[in-house]
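Structural features, examined
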Amino acid sequence: TDRLSIDTKNAGLMVCKFVADGTDAYLGTLEEPYVYPMDSDSVSTLMKALENFRLGTKMGEVTAENRSDYGFDDPTAVIDVHQTAGLFSQIGSDGTLQSLTTGEQTVRLTFGAKDGEFFYFCEYAGECYRVSSFLVTTLVNADANNYLSRAPADMGSANIASIAMQLGGGSVEVRATYTEHVLANNDIETDSEGNTVYDVTVTLNGGETTTDAFDSLVERLKAMTVSGKLDGVQTPTGTPRWQMTLTTTGGVSRTLAAYPKDAFNDILAVDGVALYYLNSEAVQIALG
């Protein structure tokens, strides 16, 4: 899944774009109602909601005569899930696991009225189904404002390849190189969760530094959270007090820039869009 559109009766339209960074990590960006990074936990929540979604009992074909009975003429939510071409697995008739290809597609789910306390009516491919409200709560209650990242330097579980920063009269450039760790039997080492183990080398402004220092910097940046929300979306102009670009090993980049707001706070623009402000000393704390 690389794109998700959710249009709800209560919160309006929310469009998300998902990018795989090449390491099983997904980064999410809101495209509507504005362009802004999504909280990494929120991305995981949405992905799990899509993975766990199941159609329930089939009620029959949706017709012009019964649409209103199911609430599809005034839907609770309309969801479009765009999926790229790829592979999926299924058990064949002989009991073996088969790997099959599927083409690019968009799946539309229309949620109508509730059926009692625990079900919704759902239209899919012209048919009506009863689906569990427990499986769709995340989707039908989606609100863009609940998915905004309050720690925009947090790139989730993606591996950071570089951090480039301009601050005052100086600059900092950190680069990390990841090499798969090969065991004596020539197998690539994995941890207890099946993730690849990497040997990491790090440079700071061209000179070698420790991985511990790099890991600490990344963790402090993840912990750098905003202080409050601005009145509406802003697009700051002029010269920022500081600017930072983070790039993952998958090539996904995010640029943060801070512009003076008052004596204690900076307006924080993320890829040019400002929704929040943060303490003016936050970046100094993050840099340690």
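In this report, we go over the structure that sits alongside the text. On a predicted model such as this, the values are computed, not experimentally measured, just so you know. (Residues numbered from 1 in each chain as written. Predicted model: local features only at pLDDT ≥ 70, side-chain atom pairs only at ≥ 80, totals over all residues. Heavy atoms only, no water.)

Turning next to the sheet that holds strand 16 (residues 228–234). With antiparallel pairing, nine strands are arranged side by side in an open sheet as 15-14-13-12-17-18-19-20-16. Of all strands in the sheet, those bounded by a partner on one side alone are strand 15 (207–209) and strand 16. Between one strand axis and the next, the sheet turns by 20° as a mean value, whatever way the strands run. Inspection of the sheet shows strand 13 (residues 170–180) paired to strand 14 (residues 198–204) by seven bridges, in the antiparallel sense. Looking across to strand 14, one finds that Thr177 is bridged to Thr201. Sitting on the sheet, helix 4 (residues 211–222) touches strand 12 (160–167), strand 13, strand 14, strand 15 and strand 17 (242–248), and the angle it makes with strand 12 is about 70°. (Pairing = 2+ DSSP bridges. Helix = DSSP H or I, 4+ residues; strand = E, 2+ residues; numbered from the N terminus. Axes fitted to C-alpha atoms, helices over the stretch in contact; angles between N-to-C directions. Contact = heavy atoms within 4.5 Å.)

Moving on to the sheet that holds strand 6 (residues 77–83). Strand order in the open sheet formed by nine strands is 4-3-2-1-6-9-10-11-5, with antiparallel pairing between adjacent strands. With one partner strand each, in any of the chains shown, strand 4 (36–37) and strand 5 (58–61) form the two edges of the open sheet. Where strand 9 (residues 105–115) meets strand 10 (residues 119–124), four bridges bridge the pair, whose relative direction is antiparallel. Its bridge partner lying in strand 10, Asp115 is registered against Phe119. Contacts from helix 1 (residues 40–52) reach strand 1 (3–8), strand 2 (12–20), strand 3 (26–32) and strand 6, with the element oriented near 95° to strand 2.

Next up on the list: helix 4. Taking 1.5 Å of rise per residue, the 12 residues of helix 4 would be expected to cover 16 Å, and the 16 Å separating its terminal C-alpha atoms lies within 8% of that figure. Listing the buried residues of helix 4 in full gives Phe214, Leu217, Val218 and Leu221. Each buried residue of helix 4 lies within a common arc of 95° when the element is viewed along its axis, so the set occupies one face. Buried positions along helix 4 lie against strand 12, strand 13, strand 14, strand 17 and helix 5 (282–287). (Expected span 1.5 Å × (residues − 1). Buried < 20%, exposed > 50% of the residue type's maximum accessible area, 1.4 Å probe, protein only. Arc of directions from axis to C-beta.)

Attention now moves to the pattern of salt bridges. On inspection of all chains with the given rule, the structure shows nine salt bridges. As a salt-bridge pair, Arg108 and Asp80 come within 2.8 Å of each other at their nearest N and O atoms. Of this pair, Arg108 sits in strand 9 while Asp80 sits in strand 6, and the two are 28 residues apart along the sequence. What you see here is one network of salt bridges that share partners, running through Arg3, Lys17 and Glu31. (Salt bridge = Lys/Arg side-chain N within 4 Å of Asp/Glu carboxyl O.)

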